[in-house]
Amino acid sequence: MTAAPPFQAPLVLGKPYRPVVHDKRLAAHRRLIAGSGLARSRPLWSLLGWSLCAAALVLLGVAMCWILGTILFKGVSALSLTIFIEPTQGNGGGLLNAIEGTAVMALGTLILAVPLGVAAGAYGGLFPDAIWARTIRFFSDTLVGVPSIVLGYADYVILVQALGWHFSTAAACVTLAIICLPYICRFNELAFAAISPDLRQSVYAIGANERQAILLVFLPAATPGVLTGVLLALSISVGETAPLLYTAGWSNYLWNGHLFHMPIAHLTYAIWTFINEPLASANALAYAAALLVTSFVLLLSVASRLILRAR
Amino acid sequence: MDVLMVSGNALGSLPSNVFGPVSTMASFIVSQLDSALADPTGFAIRSLAEIALVLCLMSVAVNTVARSLLSYAGRSQQ
C-alpha cells in the first residue's frame, strides 16, 4: 500500500496560487478594496509603513546608544576598587552597602514573587477560561498599568506607617514583589498555555493527577518561560527607584540581617540622590551605580532572550 | 522618577510652551512626599493619597476600556 502523495498547489504559469475563498464577507471586502483605488495605492502605504518602522528603529537605536555611551563613558571612569569594598560615607566612599542591599532585596523579591507568580501563571495557562484565571488576568493587567509610585505610596501608608514596619527590607521586598508579580504571572501563563494539548492528554491518560502533571511534566516543559519571567522580575527589582524611596529608605551601613525597622541601601537611590549633589565624588558614585545597574539589567535581558531563543 | 528628573517639576503653573517645565501627578508624589511627612496635620499625606487614587483609577479605567475594545473586536470578527 503506497502512501498518499503530498498536497501540491495547482500551478498556473505566471500567476501565484491563491486558494478559493468561500467567505462572502471576505470576497465583498476584496471587491470593495479593488474598486476604491486602495489596491493601487498599496505600494505607497507599504513604503510609508516601512519608513515609519525604520524611523522608530533609528530613534530607539540612537537613544539606547546615547544612554549606554554616556553611562559607559562616565561610569567606567568612576569605577574603582573602593566602589566594591567600602560602604558609602557621606558623599564619597564606595557602594558596597548599596550593592549588598540591592542583592538582598532582589533575592527577597524572588522568594516572595516567584512561587505565587508561577502558581497563578500555571493556573491561568492551563485553565484559561476559568473565572479565577480571568480575574487574575484582569488584576494582573491592571497592576502592570498602575504607576510604581502609586504602589510605593500605598505600601508606605500600609506597611511603613500603619503596620509600623518603618523603612525596612521587608517593606521593600513586599513592594517589589507586588510590582514583579504580574510580569511573572503573564510570562508563566504564556509558557504554560504553550504546552501542547497532546502532552496534556497523554499525562492525564496515564493516570497522573493535577499535582503530578503540573510539577513533574508541565513545569519542566515550561521552564524557559518560567526562567524568563524570573529574570525579568529580577531586572525590575534591581532597576526600580520610586517605590523604594518610601519603603527601603537609605542606610550608609551594611545590611545587619534585620527584616523590619532598619532601612537598607540600594543602587538606584545612589543614582537618584548623588547625581544632584554638587560634589564630584558624589556624581562619580551616581555614575558608577548607574553603570552597575545598567550592566546587570542588560545582562539579564540578553540572558532571557537567549533562553527564549533556545526554547 | 525619570520624568521628574527632566521635567523641571513646575508646581502650580501650566507650561507655556513645549520646552517649559511641567509636573506630572506621579512626579508630584515623588517630589512632595518628604515635605508631606513633616506635615503634623497629616493633610499633605492625604492629599498625596488622593492623587495616587486618581492615578490608580485612571489606570483601571483605561485597562477596562482596552479589555472591552478587545472583547468587542473579538466578537465582531466571529
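### As for the overall build of chain B
Alright, step 1. Regarding its fold elements, chain B presents 3 helices and 0 strands.
Alright, step 2. Listing the helices and strands of chain B from first to last along the sequence gives α-α-α.
Alright, step 3. A compact globule built from 78 residues would reach a C-alpha radius of gyration of about 12 Å, whereas chain B, at 18 Å, exceeds it by more than 25%.
Alright, step 4. Taking the principal axes of the C-alpha coordinates as reference, chain B spans close to 55 × 35 × 20 Å.
Alright, step 5. Across the 78 residues of chain B, 23% fall into the buried class.

### As for the pattern of salt bridges
Alright, step 1. Under the definition given, this model contains 4 salt bridges over all chains.
Alright, step 2. The shortest N-O distance in the salt bridge between A:Asp141 and A:Arg186 comes to 3.7 Å. Of this pair, A:Asp141 sits in helix H5 (residues 131-145) while A:Arg186 sits in helix H7 (residues 169-193), and the two are 45 residues apart along the sequence.
Alright, step 3. Using a relative accessible area of 19% as the deciding quantity, one classes A:Asp141 as buried.
Alright, step 4. In this structure A:Arg186 comes out as partly exposed when scored by relative accessible area, which is 30%.
Alright, step 5. The network of salt bridges with shared partners includes A:Arg137, A:Asp141, A:Arg186, A:Glu189 and B:Arg67.

### Quick look at the interface of chain B and chain A
Alright, step 1. Counting residues at the interface gives 22 residues for chain B, matched by 19 residues for chain A.
Alright, step 2. Contact between chain B and chain A buries roughly 1800 Å² in total, counting both sides, with carbon and sulfur atoms accounting for 74%.
Alright, step 3. The largest per-residue losses of area from chain B upon contact with chain A belong to B:Met1, B:Leu33 and B:Arg67, which jointly make up 30% of the total buried on that side.
Alright, step 4. Connecting chain B to chain A are 1 salt bridge.
Alright, step 5. A salt bridge links B:Arg67 to A:Asp141, with the shortest nitrogen-to-oxygen separation between them at 2.6 Å.
Alright, step 6. Residue assignment for the side of chain B that touches chain A shows that the elements contributing at least two residues are helix H1 (2-7), helix H2 (25-37) and helix H3 (43-77) of chain B.
Alright, step 7. The leading source of residues in the side of chain B that touches chain A is H3(B), at 14 residues.

### Looking at the packing of helix H4 (residues 96-126) of chain A against H7(A)
Residues and elements named next belong to chain A.
Alright, step 1. Interaxial distance between H4 and H7 falls to 6 Å at its minimum, and their mutual angle equals 35 degrees. Both H4 and H7 take part in a crossing whose hand is right-handed.
Alright, step 2. Within the contact of H4 with H7, the residues separate by chemical class into 21 nonpolar, 8 polar and 1 charged.

### Things to note about the confidence of the model for chain B
Alright, step 1. For chain B, the average pLDDT comes to 83, and 99% of its residues sit at 70 or higher.
Alright, step 2. H3(B) holds the highest mean pLDDT among the elements of chain B, 86, whereas H1(B) holds the lowest, 78.

### Some words on the packing of helix H12 (residues 267-274) of chain A against helix H13 (residues 280-310) of chain A
All names here are of chain A.
Alright, step 1. Where H12 contacts H13, the two axes come as close as 8 Å, and the packing angle between them is 140 degrees. Classified by the angle between their axes, H12 and H13 sit oblique to one another. For the crossing formed where H12 meets H13, the hand is left-handed. Contact with H12, carried on its side by Leu267, Ala270, Ile271 and Phe274, involves Ala282, Asn283, Leu285, Ala286, Ala289, Ala290, Leu292 and Val293 of H13 and no other residues of that element.
Alright, step 2. When its residues are assigned to classes, the contact of H12 with H13 shows 11 nonpolar, 1 polar and no charged.

### A short note on the packing of aromatic side chains
Both the distance between ring centres and the angle between the ring planes are used here to describe each pair of aromatic rings.
Residue and element names in this part refer to chain A.
Alright, step 1. In total, this model carries 8 aromatic pairs over all chains according to the counting rule given.
Alright, step 2. Ring plane angle 75 degrees and centroid distance 6.2 Å describe the contact between Tyr204 and Phe218, whose orientation is recorded as edge-to-face. Of this pair, Tyr204 sits in helix H8 (residues 197-205) while Phe218 sits in helix H9 (residues 210-221), and the two are 14 residues apart along the sequence.
Alright, step 3. Of the aromatic side chains, those joined through ring pairs into one cluster are Tyr156, Phe167 and Tyr246.

### Examining H5(A)
Alright, step 1. For H5(A), built from 15 residues, the straight-helix expectation of 21 Å at 1.5 Å per residue is met to within 8% by its first-to-last C-alpha distance of 21 Å.
Alright, step 2. Within H5(A), burial applies to A:Ala133, A:Arg137, A:Ser140, A:Asp141 and A:Thr142.
Alright, step 3. Structurally, H5(A) contributes buried residues whose contacts are with H4 and H7 of chain A together with H3 of chain B.

Basis of the calculations
Residues numbered from 1 in each chain as written. Chains lettered and ligands numbered in written order. Predicted model: local features only at pLDDT ≥ 70, side-chain atom pairs only at ≥ 80, totals over all residues. Heavy atoms only, no water. Helix = DSSP H or I, 4+ residues; strand = E, 2+ residues; numbered from the N terminus. Rg over C-alpha atoms; globule rule 2.2 N^0.38 Å. Buried < 20%, exposed > 50% of the residue type's maximum accessible area, 1.4 Å probe, protein only. Salt bridge = Lys/Arg side-chain N within 4 Å of Asp/Glu carboxyl O. Contact = heavy atoms within 4.5 Å. Buried area = accessible area lost by both parts, 1.4 Å probe. Axes fitted to C-alpha atoms, helices over the stretch in contact; angles between N-to-C directions. Left-handed = near helix turned anticlockwise from the far one by under 90°. Nonpolar A, V, L, I, M, F, W, Y, C, P; charged D, E, K, R; others polar. pLDDT = per-residue confidence, 0-100. Parallel < 35°, antiparallel > 145°, perpendicular 65-115°, else oblique. Phe/Tyr/Trp six-rings, centres within 6.5 Å; stacked < 30°, edge-to-face > 60°. Expected span 1.5 Å × (residues − 1).

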